[in-house]
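# Close look at the chain arrangement
Below are the chains, spelled out letter by letter.
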Amino acid sequence: MKISLSTVWQVDVRSRWPLPWSRRLRPFLLIFVGTLALCSSPPGAFAESGAAADSELWGLIPGNDMPPPTAKAGPLTDKEKETIHAWIESGARSPEDESAPTSPQATPNDSVAKVSGQKELSFLARLVRWIGKFHVLVVHFPIALFLEAVFAELLSMWRKERTPSSIVRFCVLLGAAGAVSAAGLGWLHAAFSAAGPRQILFLHRWLGTSAAVWSFGTVILSECDARARHRSKTFRIVLFLGAGLIGLAAHFGGTLVFGQDYFKW
């Protein structure tokens, strides 16, 4: 919606407010109406239509009516008046508008394409990139399952049970499958994503890969104890260390997404 200052100010303020302070109210009302008009008009609209020179706001500047004579800052200088006139003619552009890019911002996919020297990814590359995005979904399973295995094993220790728990065996087996899958998908996802500091990405990548390999060894020990029908101390140590390794890798993964100051007090 466009607003013409000349049309708006055809209604005399003094006829509405015949009080002595109506003269002081007029500049502030003009500033409000002028700001509304400039914001509702496209850049350069005043310069193209010539409405700026015919408006009441334009005429107040040389007449020393803005700011009013009672203002503490005093009247505008000639240089300040010329600056305001030039600003209105240009469409009252803000510094943010002048510095804003005219072209659409580049997406991370465009950046990857520029780095790889390709204008557009091939079908196979887009398929691999899409499959890698499932890393953020699969990664939750080994975290939850190995924590559940730790709690179940601690309960067995508290009960002084030497027979391997079927719950621990199930959680370790399924958690290891999720850890290996999450590690593989993570490598695919990192190939098409540059989010986060490189050092944090390095730690998350290799800790996650080490946790996947460690979880595979935990499965072997779990199956050996299940066949022997006796829980070994070696399995418990490997299980607790593996769960801690997975938790550490998950911590750096969360840091990549939410930043290093997420838990800052």
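Report follows, based on the coordinates. (Residues numbered from 1 in each chain as written. Predicted model: local features only at pLDDT ≥ 70, side-chain atom pairs only at ≥ 80, totals over all residues. Heavy atoms only, no water.)

### So, the packing of helix α12 (residues 140-158) against helix α15 (residues 233-258)
Two quantities define a packed helix pair, namely the angle between the axes and the distance from one axis to the other. Worth spelling out the cut-off: Geometry is summarised by axes, namely lines fitted to C-alpha atoms with helices restricted to the contacting stretch, and by angles between N-to-C directions that run from 0 to 180 degrees. Secondary structure is summarised from DSSP: a helix means a run of H or I of at least four residues, a strand means a run of E of at least two, and numbering begins at the N terminus for each. In this scheme, a crossing is called left-handed if the near helix is turned counterclockwise away from the far one by less than a right angle; it is called right-handed if the turn is clockwise. Note on contacts: a residue pair is in contact if any heavy atoms of the two residues lie within 4.5 Å. Only Asp, Glu, Lys and Arg are considered charged, only Ala, Val, Leu, Ile, Met, Phe, Trp, Tyr, Cys and Pro nonpolar, and every remaining residue, Gly among them, polar.
The contact between α12 and α15 brings their axes to 10 Å, and the two run at 145°. Handedness of the crossing formed by α12 with α15: left-handed. Listed contacts from α15 to Pro142, Ile143, Phe146, Ala149, Val150, Glu153, Leu154 and Met157 of α12 are Phe235, Arg236, Leu239, Phe240, Ala243, Ile246 and Ala250. Tallied by class, residues from the contact of α12 with α15 come to 13 nonpolar, no polar and two charged.

### What about helix α14 (residues 198-228)?
Filter applied, for reference: How far a helix is expected to stretch is found by multiplying one less than its residue total by 1.5 Å. For every residue, the accessible area obtained with a 1.4 Å probe (protein chains only) is divided by the maximum for its type, and the residue is called buried under 20%, exposed over 50%, and partly exposed between those limits.
In a regular helix each residue adds 1.5 Å, so 31 residues correspond to 45 Å; α14 covers 45 Å between its end C-alpha atoms and thus fits that length. Within the span of α14, buried status applies to Ile200, Leu201, His204, Leu207, Ala211, Ala212, Ser215, Thr218, Val219, Ser222 and Asp225. Backbone geometry just after α14 places Arg229 at a positive phi near 55°.

### Examining the side chain of Thr255
Along the polypeptide, Thr255 turns up in helix α15. With sequence-adjacent residues up to four places away left out, Thr255 is seen in contact with Ile200 and Gln260.

### Looking at the packing of aromatic side chains
Keep this limit in mind: Centres within 6.5 Å are what make two rings of Phe, Tyr or Trp a pair, Trp counting through its six-membered ring; a difference in plane orientation under 30 degrees is then read as stacked, over 60 as edge-to-face, and the rest as tilted.
Counted by the stated rule, this structure contains four aromatic pairs. Aromatic side chains Phe258 and Tyr262 sit 5.0 Å apart centroid to centroid with 35° between the ring planes, which places their arrangement in the tilted category. Among the residues examined, Phe258 registers a relative accessible area of 54% and is labelled exposed. Through pairs of rings, three or more aromatic residues link up here, namely Phe258, Tyr262 and Phe263.

### Comments concerning a nonpolar patch on the surface
The criterion, for reference: Within the patch definition used here, like charges are joined within 9 Å and nonpolar side chains (Val, Leu, Ile, Met, Phe, Trp, Tyr) within 5 Å, considering only residues with over 30% relative accessible area and no salt bridge. Method for areas: the Shrake-Rupley scheme with a 1.4 Å probe, in which residue coverage is limited to the protein chains shown. A side-chain nitrogen of Lys or Arg and a carboxyl oxygen of Asp or Glu constitute a salt bridge if their distance falls within 4 Å.
Among the surface-exposed residues, Phe123, Leu124, Leu127, Trp130, Ile131, Phe134, Val136, Leu137 and Leu188 lie close enough to one another that they form a single nonpolar patch of about 850 Å² accessible area. With five residues, the single largest contributor to the nonpolar patch is helix α10 (residues 123-132). Looking at where Val136 falls in the secondary structure, it is placed in helix α11 (residues 135-138). You can call Val136 partly exposed: its relative accessible area is 42%.

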